[in-house]
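# Results of the structural survey
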Amino acid sequence: MSTKSLDAVSLIALDLGTTNTRANLFDVADGQYRFIASGSSPSTIYAPFFDVGESIYQSLDKLQKITGRILLDKEANLIIPSQAGGEGADGLVVTYSCGRPLNLVTVGLLGDASLEAINELAGSVNGKVVESIGINDRRSIDERADAILAAKPDLILFAGGTDNGASRSVLKMSDLICRILQTMPAEERPAVFYCGNQALAAEVKDQVERFTAIDIAPNIRPEIDRIEIEKVGSALTPLINRIQGNNVKGLSRIATICNTPPESSATAAGKIVRFLSATNDPQKGVLAFDVGAGSSSVTAGFGSSTSVNSFPFGTGSGMAEFLKRANIEQIHQWLPRDISLEDLRDALYQKTLSPESLPATREALAIELAATRQILREMVREIRLRGGLTASSYDPIVASGATLTRGTSAAEILLTLLDGIQPAGITTLILDKHSIISSLGAVAVVQPYLPIQVLESSAFTNLATVVSPLSDSRAGTEILNVRLEYSDGRVSEASVTKGTLVALPLKPGETANLYLEPMHRTRIEASGLVEDFYKVNGGICGLIIDARGRPLNMPENEEEREELYDSWKVALGE
Amino acid sequence: MQAQVLDIRPIAKFRRSHSLPVPGNVLVRQGQSVSTSDILAEVDIPVSQVTVDIVRALGLSSKQEAEELIQHKVGERLEEKDIIAETGGLFSRVIRTPAPGLILAIQDGCVMIETKTRHVALEARIPGLVVEIQRNRKIVIEGVGTLIQGAWGNDKVGYGPLVNKASEREAALVGDAFAIDVRGSIVLAGTVLDSTILEQAAAAGIAGLIAGSIPSRLIPAAQAQPYPILVTDGFGIMGMNQLAYQLLSTNEGRDAAINATPMNQRKGVRPEVVIPLPVDGQMFDGFCEYQAGQMVHINAYPFAGQTGIIEKVSLSNTLLPSGLRAPAAEVRIDQVKKVIPLANLEVISIETELSAET
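Every chain's residues receive numbers from 1 upward, in the order its sequence appears when written. Just so you know, chain letters begin at A and ligand numbers begin at 1, following the order they were written in. The model is predicted, so local features are restricted to residues of pLDDT at least 70 and side-chain atom pairs to those at 80 or more, both for listing and for counting; the totals for chains, interfaces and linings are taken over all residues. Computation of side-chain values covers all heavy atoms of the structure but excludes hydrogens and water.

## Some points on the overall build of chain A
Numbering of helices and strands runs from the N terminus, with a helix taken as a DSSP run of H or I at least four residues long and a strand as a DSSP run of E at least two residues long. Tallying secondary structure elements over chain A gives 17 helices and 22 strands in all. Dimensions along the principal axes, computed over C-alpha positions, put chain A at roughly 70 × 65 × 50 Å. With a 1.4 Å probe rolled over the protein chains alone, any residue whose accessible area is under 20% of its type maximum counts as buried; one over 50% counts as exposed, and the rest are partly exposed. Across the 574 residues of chain A, 59% fall into the buried class. Contact between two residues is taken to exist if any of their heavy atoms lie within 4.5 Å; hydrogens are not considered. Residue pairs in contact within chain A that sit at least 24 positions apart in sequence constitute 69% of those at least 6 positions apart. Accessible surface computed for chain A: about 22400 Å², of which carbon and sulfur atoms make up 48%. Exposure was quantified through the Shrake-Rupley algorithm and a 1.4 Å probe, taking into account, for residues, occlusion by the shown protein chains and nothing else.

## A short note on the environment of Ile83 of chain B
Topologically, Ile83 of chain B is positioned in strand 7 (residues 83–86). Separated by 11 residues in the primary sequence, Ile83 of chain B and Val94 of chain B have C-alpha atoms spaced 6.5 Å apart.

## A closer look at the packing of aromatic side chains
What counts as a ring pair is set by centres within 6.5 Å for rings of Phe, Tyr and Trp (its six-membered ring), and what kind of pair is set by the plane angle: stacked under 30 degrees, edge-to-face over 60, tilted for all other angles. Following the criterion strictly, the structure yields 10 aromatic pairs over all chains and no others. On the basis of an interplanar angle of 40° and a centroid distance of 5.6 Å, the ring pair of Tyr515 of chain A and Phe533 of chain A is categorised as tilted. Placement of the pair is Tyr515 of chain A in strand 20 (residues 511–518) and Phe533 of chain A in the loop between strand 20 and strand 21 (534–537), with a sequence separation of 18 residues. A relative accessible area of 27% places Tyr515 of chain A in the partly exposed class. Look at Phe533 of chain A and you get partly exposed, because its relative accessible area is 37%. A centroid spacing of 6.1 Å and a plane angle of 65° characterise the contact between Trp152 of chain B and Phe235 of chain B, whose relative ring orientation is edge-to-face. Taken as a pair, Trp152 of chain B in strand 13 (residues 152–153) and Phe235 of chain B in strand 17 (residues 229–235) lie far apart in primary sequence, 83 residues in all. Here the two residues Trp152 of chain B and Phe235 of chain B agree in accessibility, since each one is buried.

## A short note on the domain arrangement of chain A
For the purposes of this description, domain bounds are those given by an automatic or database domain assignment. According to the domain assignment, chain A consists of domain 1 (11–96), domain 2 (102–247) and domain 3 (464–574). The straight-line distance from the C-alpha centre of domain 1 of chain A to that of domain 2 of chain A is 37 Å.

## So, the interface of chain B and chain A
In this complex, chain B contributes 56 residues to the contact, which on the side of chain A involves 51 residues. Defined here as a combined quantity, buried area equals the accessible surface (1.4 Å probe) lost by two parts on assembly, summed across both. Summing both partners gives a buried area of about 4400 Å² for chain B against chain A, and 58% of it is carried by carbon and sulfur. Taken as a group, Gln265, Arg266 and Tyr301 of chain B account for 19% of the area that chain B buries against chain A, more than any other trio of residues on that side. Each reported salt bridge corresponds to a side-chain nitrogen of Lys or Arg within 4 Å of a carboxyl oxygen of Asp or Glu. Connecting chain B to chain A are 1 salt bridge. For the purposes of these results, a polar contact is taken to be a pair of N or O atoms within 3.5 Å, where, inside protein, one atom must be able to donate a hydrogen and its partner to accept one; residues adjacent in sequence count only when each atom of the pair is a side-chain atom. For the pair chain B and chain A, the number of links is 16 residue pairs in polar contact (both at pLDDT 80 or more). At the level of elements, strand 5 (39–53), strand 9 (101–107), strand 10 (110–123), strand 17 and strand 22 (325–333) of chain B are the ones that each hand at least two residues to the side of chain B that touches chain A. Counting residues per element, the side of chain B that touches chain A draws most heavily on strand 5 of chain B, at 7 residues.

## Concerning the environment of His297 of chain B
All names here are of chain B. Checked against the element boundaries, His297 lands in strand 20 (residues 295–298). Residues His297 and Met112 lie 185 residues apart in sequence; the distance between their C-alpha atoms is 54 Å. Beyond its immediate sequence surroundings of up to four residues, His297 is in contact with Leu6, Asp233, Asn241, Gly305, Gln306, Thr307, Asn344, Leu345, Glu346 and Ile348.

## Observations regarding the pairing of strand 13 (residues 305–311) of chain A
Residues and elements named next belong to chain A. In terms of burial, strand 13 is a largely internal element, 6 of the 7 residues being buried. Strands qualify as paired when DSSP identifies two bridges or more between them. Sheet topology note: the strand 12 (residues 296–302)/strand 13 ladder contains 7 bridges and is antiparallel. Paired with Val298 across the strands is Asn309, a residue of strand 13. Linkage of strand 12 to strand 13, two consecutive antiparallel strands, is achieved through a turn of 2 residues, within which Gly303 is found at a positive phi near 60°.

## Regarding unusual backbone geometry
All names here are of chain A. The amide bond that connects Ile80 to the next residue, Pro81, takes the cis arrangement and shows omega of -5°. By the element assignment, Pro81 lies in the loop between helix 1 (53–67) and strand 4 (91–96). Although it is not a glycine, Ala76 adopts a positive phi angle of roughly 65°. Summarising the element assignment, Ala76 is placed in the loop between helix 1 and strand 4. Under the relative-accessibility criterion, Ala76 is labelled partly exposed at 36%. Notably, His520 is not glycine yet its phi reads approximately 50°, a positive angle. Summarising the element assignment, His520 is placed in the loop between strand 20 and strand 21. You can call His520 exposed: its relative accessible area is 52%.

## Thoughts on the pattern of salt bridges
Going through the model one piece at a time under the given rule, you end up with 48 salt bridges over all chains. Across the pair Arg337 of chain A and Glu562 of chain A runs a salt bridge whose closest N-O atoms are separated by 2.8 Å. Residue Arg337 of chain A is found in the loop between helix 10 (328–332) and helix 11 (341–353), and its partner Glu562 of chain A is found in helix 17 (residues 558–571); the two are separated by 225 residues along the sequence. Note on Arg337 of chain A: relative accessible area 42%, which makes it partly exposed. For Glu272 of chain B, the salt bridge identified is with Arg16 of chain B, shortest N-O distance 2.7 Å.

## Describing the sheet that holds strand 1 (residues 11–16) of chain A
All names here are of chain A. Strand order in the open sheet formed by 5 strands is 3-2-1-4-10, and the pairing between neighbours is mixed. Here the strands that pair on one side only, and so sit at the sheet edges, are strand 3 (32–42) and strand 10 (263–264). Where strand 4 and strand 10 come together, 2 bridges link them in parallel fashion. Bridge assignment links Thr95 to a residue of strand 10, and that residue is Glu263. Helix axes use the C-alpha atoms of the stretch in contact, all axes being lines fitted to C-alpha atoms, and the angles between their N-to-C directions lie in the range 0 to 180 degrees. In the packing of helix 1 onto the sheet, contacts are made with strand 1, strand 2 (20–29) and strand 3, and the angle to strand 3 comes to roughly 130°.

## As for the environment of Ile257 of chain A
Residue and element names in this part refer to chain A. For Ile257, the location among the structural elements is in the loop between helix 7 (251–255) and strand 10. For Ile257 and Val93, which are 164 residues apart along the polypeptide, the C-alpha to C-alpha distance reads 8.7 Å. With residues up to four places along the chain from it excluded, the contact list for Ile257 reads Ile80 and Leu92.

## Some remarks on the domain arrangement of chain B
Each assigned domain of chain B is listed with its residue range as follows: domain 1 (4–14 + 144–276), domain 2 (45–118) and domain 3 (295–357). Spacing between the C-alpha centres of domain 1 of chain B and domain 2 of chain B amounts to 51 Å.

Shown next, in the form of structure tokens:
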């Protein structure tokens, strides 16, 4: 299927998640592209259907009922293109995060060259790198072969050599891959994706395809100082679709009527982050977090580089994976004392048995949001380890995911994001309340103006502009004077002490000039410089000064901790 | 809206399929009766291999020359110190296998020998009849009897007479329950509070344990036990749901099979207890929608393990006590009405079966 650009006016974007399937409708209203509505249905990827087709139908049917627009014909097929009477839509794109996390083996030459690049590419795939092999690996060939056999990979990502560069080492690694493939039963052999020295592509293909399917892509590192993650990532998409097509029944079927091949939700969201980072303040990066049920992702954009990072954990079916790495005591620090550590542990493990369940009570919601904070922290920690946070500060930070968008109060969401992400400097926190960021990324391929116009609309919610000063002063010390001058001449002032959260009113759509007077060597931006004033935008929670410090450490004493936490909630109007 | 279903039925007919990761040796035939621990099929999958480079070892000039000297073919088994290749002549040099194993491949003058395999044996896990065998890989078993699905299992199977050690559905198992009568038995408990109880059960030689709940801190200890442990309702101290307790306790003395397979949504499998019965039951396809009057099981904190009756279903978003909005049902639990999201409810199949009959 080739990607076709459209003069389309109406587009449907399906987002296939582990827990929910969403059908998002975009169309022109008042001469601008707008997000019209979304129909959502529980995913039918698991028993008794084992096919996403049913939930796609249900979500489209809901969308029909919400909009009053006929989208399905009598045989329950999606009407494409739209008809003279307005039935149907002109285009369809699909993103998905419901596939099984894949076991990945990366093979490259040098740790700081091709192996580094291929590991970065692997980070964008929903899965785990279970084995990584380079030319300087000190293990014997047999030990390396055994490691790959034990890893039971779904996919081998293989890079090496600049174009017309290293050849002997690349062929040596290709030979190793072939040896390993031969020792595996044919049904268990992983696919191979080659993105190394292009001069050897044909030879590598000849060697490998005797044993398994191989896809050849452009060189991920064609020159020593040039990395082509985005281009190679696009070439990887069809192969991932083929593998996930076997895991996600119905995906291949819906792909035949799409205007562009389905792609992972994280990769699609990456396109929007790339666009935002190219158009925003060049000194700052852009971050997008998606806390999903089965998997989660963070995309970081800074200048021309974008790093997509997928993680095989989340708040639903991904909870079991998260608990393998989570420290339950750390999750407990975000909870009131009447929820014991034992109850918390039981509730989280119970969630692994019923991943689709929702918080029915305030206590259950508090537990889910506490786990979300730690998931966000874990993602930030991991992306730092991968070297994915290259900017000193990020603005905006976009957050999506069902946990954050299914009706929790804005203040609770904001506090969860601040506790989890702990942003630095001055940033705007934006909530993707309809979970459409990945749909916009997928739509951009066929209708580039659509995402730009929808991003400018009210489809996204500005939660707050947040100032996070850094100070070594003790808690309780005055560290910052704040003056906010509104466009109508009103003024708000506050004196901020270390350890507090302060909210100043600034409604969505309002702008104001923010004057900051740091004290006791308090820093606002990493540079240490403070501008005369900052033009800031309003949000549902207003302008927030988060003077709690970085990293944010909670008191060990439970009583103190709860009092402090309550004071933060009160500050945000909870 | 498609309901989640928990299959609990006094008389049920059901099919379960098991697959090898790759085709292997099938040890049963269609129509054969099998018990829980019978092996249906098996296969060896390589996990370790050794490569012998004949060119380098014999100092040869070409791969072709090496391959001419290799005395074995792919698929042949090498025993300890078997000769792989020999130059011949008066001062013949030989290369012997560094380890016994199967020759997996001969390529570029190298011989790859499988030295260690992972033996995969497919257990029947439930008693029943083999009704289908596909491509030496997939085997389908049909069982009939009382069926009780659970929530968690430690991935072991067992079979034996049921012994009830729970005076009520929340009762915790105590150490002095393990008298001589429990050896080889499947023990029924409301909950287990201490890992030492699990150790004592192992020492007493029980054939399996069915508990309503266990605290999640006991998961590692439960996984380490040599006998199967099936938890019907989940983690905590809430005990067993009323229906499962009633069915199990009234079947005390009958033989029961525990398939304590971990729950796997992708494969659609759950741990389950089967009490084989010499009667015919009905198949249930798992499809049903939420309706008023259904008996439901709650699967999430803080009401996990409780059962109730749906009084009203609201498919549109309803305000929950948590402040969230979601499709929900009004459920009567012990005469108290609670608003529970549909996502937290499993319809108990016994009800769908009864309503189908009426």
